[in-house]
Amino acid sequence: MRGIELNTVTIPELQKRMASGSLTPSGLTRAYLKRIKTIDPKIHAVLRTDPTALQQASRSDTRHRRGTVLGPLDGIPVLIKDNVDTKGLLSTAGSLALATAAPHKDADLVTRLREAGAVILGKTNLSEWANFRAARPTSGWSAVGGQTNNPYVLDRNPCGSSAGSGAALAASLAQVAIGTETDGSIVCPAGMNGVVGLKPTLGLVSGRGVVPISAEQDTAGPMARNVVDVALTLSALREKGYVTGGGAAPTAPQASGTTAGASTQASMRGRRIGLWRLPSLGKDVDMIMTASAQRLRSAGATVVEVTPPYQDRLAELEFPALLSEFHRDIDAYLAGRRGPRNLAELTAFHRGNPAEQTCFAGVELFESALKAPPTTDPQYRAARAELIRLARKSIDDTMAAHRLDAIAAPTNPPAWTTDCARGDNDVIPSSTPAAVAGYPSLSVPAGSVGELPVGLLLMSGKHKDDALLSLGAQVEQRLHAWRAPRYLPTLPTPTASEEPRGNGR
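Right, let's walk through the structure included here. (Residues numbered from 1 in each chain as written. Predicted model: local features only at pLDDT ≥ 70, side-chain atom pairs only at ≥ 80, totals over all residues. Heavy atoms only, no water.)

Observations concerning the overall build of the protein
Helices and strands together make up the secondary structure of the protein, namely 14 helices and 13 strands. Whereas a compact globule of 505 residues would reach a radius of gyration of roughly 23 Å, the protein reaches 21 Å, a difference of no more than 12%. Its C-alpha atoms give the protein principal-axis dimensions of roughly 60 × 50 × 50 Å. Taking all 505 residues of the protein together, 62% fall into the buried category. Long-range contacts, defined as pairs at least 24 residues apart, comprise 78% of the intrachain contacts of the protein with a sequence gap of at least 6. When the accessible surface of the protein is summed, it comes to about 17,900 Å², and 53% of that surface belongs to carbon and sulfur atoms. With 55 positive and 46 negative side-chain charges, the protein shows a spacing of 6 Å between the two charge centroids. (Helix = DSSP H or I, 4+ residues; strand = E, 2+ residues; numbered from the N terminus. Rg over C-alpha atoms; globule rule 2.2 N^0.38 Å. Buried < 20%, exposed > 50% of the residue type's maximum accessible area, 1.4 Å probe, protein only. Contact = heavy atoms within 4.5 Å. Areas by Shrake-Rupley, 256 points an atom, 1.4 Å probe, with all protein chains shown as cover. Lys, Arg positive; Asp, Glu negative; His and termini not counted. Charge placed at Lys NZ, Arg CZ, Asp CG, Glu CD.)

So this is what it looks like as structure tokens:
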């Protein structure tokens, strides 16, 4: 590992070293396993490592020696969120209800990673049941893994249900991690932990074998410390035969702001970006948005201010629809796992298990889902149809009216203090339009409020994942906002993010 800085190295750079023989997949895997052992006790992001990781890496060593490399991910260590079925490894969604036996088969996306030669390094902690259990949950907490901490300031929250994946990447515990999102749970942890996260177009990555909330919105997606690694991982995850359009994704290290110098930066002339400010996230975040817009304009881009319509209506309709969909989809998933066989049994398990109540006791969302109308109900079907129509119009009409390549918004406020009694402080509306529409969104680091990272969320139209990644690489390069965490125990004074704004999912 001499001469390799894990904080900033990209997959193409690692593969170049592997091709020259100066690095082996086994050496890289051992380095990440050592970092997990050394650093993870501070942040509690990794639930368990795969005991076969070095065997997987050894097989990749052989392929590299023989010149039969399977692709850019061959030999690259990947962490998997613990709501993704992984054969031979406990896959619990953070709940003791699923902690008695490992799945019998891999989720489709894990199969794709193995076919690409990736090393499955282990499983990351998450918000239990992807934050769809209690009315006032605490992100990053699960009964299986306890509380994941934000590596930048340890008493601050890592956000969203993919909290462990985001925190692990910020601490450089793997090259790539897999997250999942229904609304915000990839992009918010990416923003709050200062890394990159892509919520792909719905259907681009298979959801088979992933603990669900809603088939109408759920998707897994790649997270990494730079856009190029996210793009290469998406290529491996993509469903076979699935085509996206609108531009080539970045495929070289020069696409990453962590490695490219100013002399290699291409002009953004001709790029048009709509800035959705969201002042409710605070003046410090708004200042970062202003500075980001100035830098993009200096690079030649046109940045215009926009306000996508229908947001109040989306907020009104989304949650009731998710309750109906969760009841349908979790029942189908549990029928194939050992443990509670349906949502009613799952609710009873959590009510009667004190270990499931050490941070918060509630199962209000389970209870509401049990009472929700079925997905065959005409009113539900009308509401879901209206949701999708308005979410797509909010993006499509805004982009068409201003001839935009993407809409940009703040991904997150500065991280709030983790507090089991209060729960999350996370009304963050920027993720909702793309999540409900099934369109792609990408968070890249934009800056920091003191020690606490803030992301810039880019969203675009259906199947525009590759074009969005290409634009995201340019934005990452120009903002150049990533910096390593310092694992501070706390901050001396509260930030504006501590002010109550209500509770979100």
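Anyway, onward from the coordinates.
Points about the packing of aromatic side chains
What the rule picks out here adds up to five aromatic pairs. Taking 4.9 Å as the distance between ring centres and 55 degrees as the angle between the ring planes, the aromatic pair formed by F132 and F326 counts as tilted. Taken as a pair, F132 in the loop between strand 3 (119-124) and strand 4 (141-142) and F326 in helix 9 (residues 311-334) lie far apart in primary sequence, 194 residues in all. Grouping residues by exposure puts F132 and F326 together as buried. An angle of 15 degrees between the planes, with centres 5.8 Å apart, marks the rings of F326 and F366 as stacked. Residue F326 is found in helix 9, and its partner F366 is found in helix 11 (residues 364-371); the two are separated by 40 residues along the sequence. One exposure class covers both F326 and F366, and it is buried. Positioned over the ring face of Y487 is K42, at 4.8 Å from the centre of the ring. (Phe/Tyr/Trp six-rings, centres within 6.5 Å; stacked < 30°, edge-to-face > 60°. Lys NZ or Arg CZ within 6 Å of the ring centre and 35° of its normal.)

Remarks on helix 1 (residues 11-20)
For an α-helix the count is 3.6 residues per turn, leaving residues at separations of three or four pointing the same way. Taken as a whole, helix 1 has its buried residues at I11, P12, L14, Q15 and M18. In an axial view of helix 1, the angular spread of the buried residues amounts to 160 degrees, which keeps them on one side of the axis. Helix 1 presents K16 and S20 as exposed residues on the side facing more than 90 degrees away from its buried surface. In the core, the buried residues of helix 1 are packed alongside helix 2 (25-43), helix 3 (53-66), strand 6 (176-181) and helix 7 (227-237). Taken from the residues just after helix 1, G21 is the one with a positive phi, measuring 90 degrees. (Arc of directions from axis to C-beta.)

Focus: the layout of surface pockets
Estimates place the volume of the second largest pocket at around 380 Å³. Forming the walls of the second largest pocket are 27 residues, and the residues nearest its centre are G207, V210, P212, S214 and D218. Secondary-structure elements contributing two or more residues to the lining of the second largest pocket are strand 6, strand 8 (219-224) and helix 9. Looking at which element gives the most residues to the lining of the second largest pocket, the answer is helix 9, with three residues. Looking at the lining of the second largest pocket residue by residue, the classes come out as 11 nonpolar, 10 polar and six charged. (1 Å grid on protein atoms, 1.4 Å probe; cavity = no way out; pocket = protein on both sides within 12 Å on 5 of 7 lines; lining within 4 Å. Points joined across faces, edges and corners; volume = space filled by probe spheres on them. Nonpolar A, V, L, I, M, F, W, Y, C, P; charged D, E, K, R; others polar.)

Notes on the state of the cysteines
The tally for this structure, following the rule as stated, stands at two disulfides. Bridging C359 to C420, the disulfide has an S-S length of 2.0 Å. Sign of the S-S torsion, about -105 degrees for the bond between C359 and C420, identifies this disulfide as left-handed. Separated by 61 residues along the polypeptide, C359 in the loop between helix 10 (343-351) and helix 11 and C420 in the loop between strand 11 (406-410) and helix 13 (432-437) bring together distant segments of the chain. Classification of C359 by relative accessible area gives buried; the value is 10%. On the basis of relative accessibility, which here comes to 31%, the residue C420 falls in the partly exposed class. Listing the disulfide partners of the protein by sequence rank of the bonded cysteines yields 1-2, 3-4. (Disulfide = S-S within 2.5 Å.)

What to know about helix 7
Of all 11 residues in helix 7, 10 are buried; the element is thus mostly enclosed. Burial in helix 7 covers these residues: V227, V228, D229, V230, A231, L232, T233, L234, A236 and L237.

Quick notes on the side chain of S127
Tracing the backbone through its elements, the reader meets S127 in the loop between strand 3 and strand 4. A polar contact of 2.8 Å, which involves the side chain of S127, links it to the backbone nitrogen of G140. In this structure S127 touches A93, S139, G140, W141, G160 and S161, once residues within four positions along its chain are discounted. (Polar contact = N/O pair within 3.5 Å; in protein donor to acceptor, adjacent residues only side chain to side chain.)

Some remarks on the environment of V363
As for its position among the elements, V363 is in the loop between helix 10 and helix 11. Those residues in contact with V363 that lie beyond four places of it in its chain are R133, T347, H350 and R351.

Things to note about the nonpolar core
The biggest cluster of nonpolar side chains holds 124 residues, and the ones touching the most others in it are L109, L113, L173, L456 and V475. Considering every element that reaches this core, the biggest residue donor is helix 7, with eight residues. Ignoring anything within four residues of it in the chain, the contact list for L173 reads Y32, R35, I36, I39, D40, I43, V46, L79, L121 and A168. In this structure, A130, I213, I330 and L334 belong to the second largest nonpolar core, which totals 21 residues. (Core = buried A, V, L, I, M, F, W, Y, C linked by side-chain atoms within 4.5 Å.)

Taken by themselves, the reported measurements are silent on function.
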